[in-house]
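Listed here are the chains, written in short residue letters.
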Amino acid sequence: MRLVKCQVLLSFSQSVADLPIDECEGPKPVSQRACYSGPCSGEATEHTLEETQLLSGSLQELDELYDWEYEGFTECSESCGGGVQEAVVTCLNKQTREIADETLCVSSRRPPQLLKSCSLDPCPPRWEIGNWSTCSLTCGVGLQTRDVFCSHLLSRETNETVILADELCSKPKPSLVQACNRFDCPPSWYPTEWQECSQTCGGGVQKRDALCKQRLADGSLLELPETFCSMPRTITQQACKNEDCPSEWLLSDWTQCSVSCGEGTQSRNAICRKMLKTGGFVIINSSLCLPLPFSSLIRPCSLGPCARHNRPAHKQSPHIMAVKQVYIQTRKQKKLHFIVGGYAYLLPKTSVVLRCPTRRFRKSMITWEKDDKRLVSSAHITIAPYEYMKIHHLKPSDTGTYTCTAGSAREHFIIKLIGSNKKIISGQPAGIREEEVMTKAGLNDALRTEDKHLNGIFFNGSKPEKRGHLANPSRWYDYIVSRLLQLRGWPVENLESWEAQESVERNTSSEEDQSREHSLPFTMVTEQKHLDDIIRNLSQQPEELKDIYTEHLVVHLAHEVFKNYLDHQESVLKASRRKVDSASVEYPFHRRVSGFTSSLRMSSSETFIPTSVDLENGLHRPHQKPAILRKISAAQQLSASEVVTHLGQTVVLASGTLSVLLHCEAVGNPKPTISWAKNGEEVKYNDRLLLQPDDSLQILAPVEADVGFYACNASNALGSDSVSIAVTLAGKPLIKASRATMINTESLAVTVDIGSTLKTIQKANVSINCQVAGVPEAKVTWFKNNIKLSSTHHLHNGLLLIANVSLSDQGLYTCKASNLHGEVTESSQLLVLEPPRPLPYLEDLTAVFSSAGPSTHSVLTSPSGTKLTVSPGSSALIGCAVNGYPTPNITWLYSGEPLSQQHQLLAAGRILQLLNVSDFTDGEFSCLAQNEAGSLTQVMTLTIQEYRWSADKLTACSASCGHRGLQLPQLRCLLDGAEVNASHCGETPKPSLQPIACNRRDCPSRWMVTSWSPCTRSCGGGKQTRRVTCQRLTARGSSVPMSSEACAQVSKHPVDTQSCNRQPCVEWAASSWGQCNGPCIGPRLAVQHRQIFCQTKDGTSVSSDQCSSLPRPLSTQNCWTDVCGVHWRVSLWTVCTATCGNYGFQSRRVDCVHIRTAKPVMDHHCSWRPRPANWQRCNITPCENVECRDTTRYCEKVKQLKLCQLTQFKSRCCGTCGKS
C-alpha cells in the first residue's frame, strides 16, 4: 500500500503544493501492488538457469522496498524578514510508509537538497547597536560612546534597512554612554587659561600658570606639590597681538606761558606715529591720524595779575629788553649777533652770539636753558657771565628754544636751520622720545622729516584758523619762512658745496675782511607782528583759497622785507656820500636786491593774484561778499530817445525811446561776476539786448515785450547780491510775480513773491512780497478770498506780513496795483500744513475695535511703542490714531519692511487686521503716517506666547567641599510660567547651561596615595609600593600637606606596600609528535597530533587555565604519508532503465583506490575530495504514442508469476501484460 497524491512543484519558491486529483493528467498510479516474500510452505522450486536469472533480477527489484522521499520542511531559519526552509529527506519503506534506517536506502540515490523561502513578513523595528568608541581618557573616569538607532529591516536578501524614530522601537533604548578606565592617573601638569595680552597691538605677551594635579578615579582633580610631576612643565608664556597698531598722536610737553603775568597761552607740538608689530615706532604722515581737537594743541594760562603802572611798586622786578624780530640768514657768515625775543633761521656752521640785556638784575645771575634743560659751558656752547652765550658752528642738534631767565623774567629765542634745499630743519620737538626720531642723518633727511610734520600740523591738523586762535606760532612761522625761501630769486647762498666741504676755520673773520666784496646782506629782518598779521589773515580764508593767498601774502612780505632793507641802505649811502664821491662807486648789493624784486614781480605775474594783494603799494584789502551799489538818483534822460538809469529805479518807456541803459556797479573781493535776468529768467542777449563792457545792460528800440523786472546778480566765492529795476510802458503798473510753489516745513519765517503758491507749517511768519512799479507810483491793495484787507495787515512797500500762521489764515491772497494808467492784480495761494501727530483715540477706530468681539485683541500704536501679548493662532487689530493736514497716508511696516497686500486694512487703512498672528514671529509693527508737512512713525511690539525652556532650579551640589562643587540648572518647559511636558519645547533650542559653583570650602584632611609602582617580579611573588601622604584640599583647589595625625583621626593609614604577581611561574610543555596516520586531508597529506600541557618551572603539571595568558603551542600539524595517495575511480554508466518517462535512471561504480597499487581502500581515505555521483536520472522525456511492446524476453515468466500488477514489470512487459 502507498499514498498517492496530485502535487505540483512551485519553481519560484521551490516548494511542493497539493492539488485535487482531477488536476493531474493521465491514469492515477496504483496505490497497492502484489509482493513476494518467498514460498509460504518452504517448498523448493526448481528453475532453469534463465528462470533463475530472471528471478534474481526480480528479487533485486523486490528488495528495493526502501527509497528516499521528501517529508515536510525544517523550521524557518528566520522569524521575520525572509528565511529558508529545507525539505526533510527520509528513508521510507515503500509498502508500510514507515521511516526506516538510512542505511537501508541507497545513498547514491539520495535526492538533491530542496529549499523554499519562509517568514517573508517584515521584521518589527529593533535597536541597532554600534561598537563602543575608544575611551576618551586613558585614566581617571573616561567615557565611551556608541551609536544606537531604531532600524527596520525591509528585506534580508537585499539587506535594505531604514532608520526610524526612537519612539517606534518598543524595547528600552540601550545605553549610549558608559564609563571606562576608572583608575587614578599619574600626576601631570594642567595649564590654566591664557591671561589677556599685555598689549592690544604692536606685539605683546600673554601668560598662564601650570599646576601639578592628579586626576583621581572619581573624576576629581587633586592639586599636588610640583615635585610630584616628573614631566617637563608646559609652556606658560607666548607672543600675542603681532600686528601693527593704529596711528596715534604723540604730544610734546606744554610750552611755558606766553606772558609773564596775566592771561596767556601755552602750546605744544603733535607728531603722528605708529607702533609696528615689532614693538618699534615710526613717524608717519599726519593725514593718517584722526583730526586733532584744537584744544589739545593750545590752551589758556594765567600767571596772576600784572602790576599796575599807576601804582608804584616798592621793588621793581627784573626786565629783559627783548627784540621781537625774525631773522633770515642769506649768506654764510662766521658769526652773527642776536638779542633774545625773536626767531632766527640760520645757515649751518654759523657761530651765534645771543645776548640777553636786562635791567634791575645782576648779569652774573642770568641762567640759560635749551628746550627746558639747563645749559652749562662746554666745548660747543659757551655761557658767559656777561648776559650772553655763544654757540660754535651751528649743527642740526642746536635747533630749538633758548631761554634766558633773569629772576621772574624769561625770554626765548628760537633757532632753526636752513638746509641745502632751502627748507627748514627744526630739529627734534620737545617731549619726543629719541627712539621715535630718525637716526642720525644729513640735513636733507632731517629737513624732509620736519617738512612732513609741519604739513601735518598746518593742513591736516584740527584747523585752528577756523576758531580764530593761533596754534603753535613756531610752526606757522616755519611754514611762512619756508614759503619765503622757495620764492624765485630769494638770495640764499648755495650750500651744496659748503655742506660737502670739511669745516675749515679762517684765521680772519668775514667781519674783518674789508677787501671782500659782498653782494648780499648777511640777514634779512622783519618784525614778528608782520608774520602774525599774515597768520591771522590766513585763518580767516576758506580752505580752498588758503594756498593761493599764502603765495601772495608771502610775496607781499618779501617786498616789505627788501623795502625796509633798501631804505636802511639808502640812509647809509646818504651818510657815506657826504664823505666820498659816490659817482664812481658801485654797490653790488643794490643790484642784487633790485634783481630779486624784479624776480618777485615776474613770479607774481605768472600766477593768479587776487585783488586783495597789491604788490606795488603793499596795500591789503580783506575779502568781502559782493554788494551792488544802490543809486537813489532818478533816471537820466540824456536825449529824447536815450534813457540811462541805475538799479533800484523805474524806467518808463515812451513812444520815442530808442535806447535804455541799465547800470550795475558792484564791489567785493574777489571781484564779483555780473549777470542779468528778466522776470526770473536769464537774459538772452541779441542784437537788441546788449551786454556792455562795464557789465551794463542796453536795450535798443524797446518794445512792449521788453516790459518787466530786470535783476542784476553779482556773485563771487563768498556770496551773491541782487537788485531789480522795473521797465514799464507808459507808466502802467507792473507787479513782479512768481509762479513757483514753495513748501516750508522747518523755517519759522518765510518770504515769497506774489503769484507763487506757499505751503507752510503753523506758527510761521509769512511775508508775501508784492513789488510794484509804475509812474506815477501805484497804490497797492491786498485782498483775502476777494475781501479787502485792512491797512494793518500790510506794510507801505507792498509787503504783506501774516504773523503766527494758523489754519484760519489759509486762502487766496491778491495784490492789486493801480494808478492813473490802469491796474493789475496777482494772487498767491496760502495753504497751512499740519504734520502728522498722534492722538489718544479716534472715534471711527473705537467703533471698529468694539465690533470685533472679545476674542480679537486690539491695540493702538504710539510713538514710544506699545506692547501686545497674544497666544498662538489668535487674531488682532492694530490701530494707527494720527491726524494732520492734509490727511496723512498710512503705510504699515513689519520689522522695518512694508507688509504685503494680502493683509486686510480697515478704516481707510488706519487699522491692520491680523487674522492669525502665527503667520508672524515676535516683532515690531509700525505705521508710517506721511504728508507734505512731515512724517510720524508709531510702533507696536507683538509678543506671541510660546513654550520656553527655564533653568531656574538647580541640582544637588556635586561635591561637599573643595573647589569642584557644581550645581547644574534643571531644564523645565514652561508656558506662561506653568511647567508642561518637555515634548512641547522640542522645537525650541535648549539654552546653554552654565554650572554654578557650590560648597567651595576646605575639605577635611584625608589620605592621598600615588599609583602603585610596577611589581618587582612578573610571577612567583613580588612587591610594589606607593606613596601615602596626609593632605587637605582647600576651597581654591590647592592641596596642603598635613601631619599624619590629622588623617589618622579620620581613617586608618592606607598600606604603602603590597605583594603582587603571586601566581607560580608556569609554561606550556609538549609531547613528541605521534604517527602520521590521521585522516587524509590531501594527496599524500595527513594529520599528526601531540599532547600540550601546562607545567611549572620544576616540571609539575598544573591546570591549563594557569597558562592561558601564554601563547599555546600547536597540537596538530600536517604530515606526508603514502597511505593518502588515493583517488576516486568511477566505471561507465549503465544502460538507462527506461527510454522515456520520469522513472529512468542509470548508475555506475565509484571506488576509492590507491594511486600506486590501484587496490580499493576504505572510502574515508578519499573524503578530502568530493565523491562523484554513482546514480543519475536519464531519458526524462514524455512518452508520446509509444508502441506498447516488451523490452525483455522474460515477460512470459512475469505473467506466469503474476507480476504484471507491479509497475516496474508492467512497463517492461507492456505487450505481454496487456494481453488478456
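It should be noted that the structure appears before, not after, this text.
J.: Give me the lowdown on the pairing of strand β62 (residues 889-894), citing residues and values where you can.
T.: As judged from the 6 bridges shared by β62 and strand β66 (residues 923-931), these two strands associate in the antiparallel manner. Looking at the pairing, Ile890 lines up with Ala929 of β66. For β62 and strand β63 (residues 897-898), the ladder comprises 2 bridges, and the chain directions are antiparallel. Bridge assignment links Leu893 to a residue of β63, and that residue is Pro898. Linking two consecutive strands that pair antiparallel, namely β62 and β63, is a turn of 2 residues; a positive phi of about 55 degrees is found at Ser895 within it.

J.: Describe the state of the cysteines, listing the residues and the values that go with them.
T.: Here, the word disulfide means a covalent bond between the sulfur atoms of two cysteines. Under the criterion given, the structure shown has 28 disulfides. Across the disulfide, Cys135 is cross-linked to Cys180 (sulfur-sulfur distance 1.9 Å). Disulfide Cys135-Cys180: the torsion about the S-S bond is 90 degrees, which places it as right-handed. Residue Cys135 is located in the loop between β6 (126-129) and β7 (142-145), and its partner Cys180 is located in strand β10 (residues 177-180); the two are separated by 45 residues in the primary sequence. Here Cys197 pairs with Cys240 through a disulfide, and the sulfurs are 1.9 Å apart. Of note, the bridge from Cys197 to Cys240 carries an S-S torsion of about 85 degrees and is right-handed in sense. A residue pair is termed long-range when its members are at least 10 positions apart, and Cys197 in the loop between β11 (188-191) and β12 (204-207) and Cys240 in strand β15 (residues 237-240) qualify at 43 residues. For the pair Cys197 and Cys240, a shared accessibility class is recorded, and that class is buried.

J.: Tell me about the environment of Lys779, and name the residues and values.
T.: Tracing the sequence through the fold places Lys779 in strand β53 (residues 779-784). Owing to a relative accessible area of 55%, Lys779 belongs among the exposed residues under this scheme. Along the chain, Lys779 and Lys816 lie 37 residues apart, while their C-alpha atoms are 7.9 Å from each other. If near-sequence neighbours (up to four positions away) are discounted, Lys779 is found in contact with Lys816, Ala817 and Ser818.

J.: Can you explain the side chain of Ser875? Please cite residues and give values.
T.: Tracing the backbone through its elements, the reader meets Ser875 in the loop between β59 (866-870) and β60 (876-879). Relative accessible area serves as the criterion here: at 17%, Ser875 is assigned to the buried category. At 3.3 Å, the side chain of Ser875 and the side chain of Thr856 are in polar contact. Apart from the residues within four sequence positions on either side, Ser875 is in contact with Ser855, Thr856, His857, Leu914 and Leu915.

J.: How would you sum up the nonpolar core? Please name residues and give values.
T.: Soluble globular proteins: nonpolar side chains tend toward being buried together. Formed by 27 residues in total, the largest nonpolar core has its most connected members in Ile328, Tyr345, Ile480, Val481, Leu484, Leu531 and Leu557. For this core, the secondary structure elements donating two or more residues are β22 (325-329), β24 (343-346), β32 (409-418), α3 (473-485), α5 (528-539) and α6 (546-577). It is α6 that contributes the most residues to this core, 7 residues altogether. Once residues lying within four places of it in the same chain are set aside, the contact partners of Val481 are Ile328, Tyr345, Ile424 and Leu531. Ranked by size, the runner-up nonpolar core spans 25 residues in total, among them Ile320, Leu375, Met389 and Phe413.

J.: Which residues make up the sheet that holds strand β13 (residues 210-215), and what are the values?
T.: A sheet is described by the order of its strands in space; here 3 strands give the open sequence β11-β13-β14, paired in antiparallel fashion. Either end of the sheet is taken by a strand with one partner, and the two such strands are β11 and β14 (221-223). The sheet shows a mean angle of 55 degrees between the axes of neighbouring strands, taken without regard to direction. Examined bridge by bridge, β13 and β14 share 3 bridges and lie antiparallel to one another.

J.: Provide a residue-level description of the sheet that holds strand β18 (residues 270-275), including the pertinent values.
T.: Strand order across the open sheet formed by 3 strands is β16-β18-β19, with antiparallel pairing between neighbours. Across the chains shown, the open sheet's two edge strands, defined by having one partner strand only, are β16 (248-251) and β19 (281-283). Averaged over all pairs of adjacent strands, the angle between strand axes in this sheet comes to 45 degrees, irrespective of strand direction.

What counts, and at which threshold
Residues numbered from 1 in each chain as written. Predicted model: local features only at pLDDT ≥ 70, side-chain atom pairs only at ≥ 80, totals over all residues. Heavy atoms only, no water. Pairing = 2+ DSSP bridges. Helix = DSSP H or I, 4+ residues; strand = E, 2+ residues; numbered from the N terminus. Disulfide = S-S within 2.5 Å. Buried < 20%, exposed > 50% of the residue type's maximum accessible area, 1.4 Å probe, protein only. Contact = heavy atoms within 4.5 Å. Polar contact = N/O pair within 3.5 Å; in protein donor to acceptor, adjacent residues only side chain to side chain. Core = buried A, V, L, I, M, F, W, Y, C linked by side-chain atoms within 4.5 Å. Axes fitted to C-alpha atoms, helices over the stretch in contact; angles between N-to-C directions.

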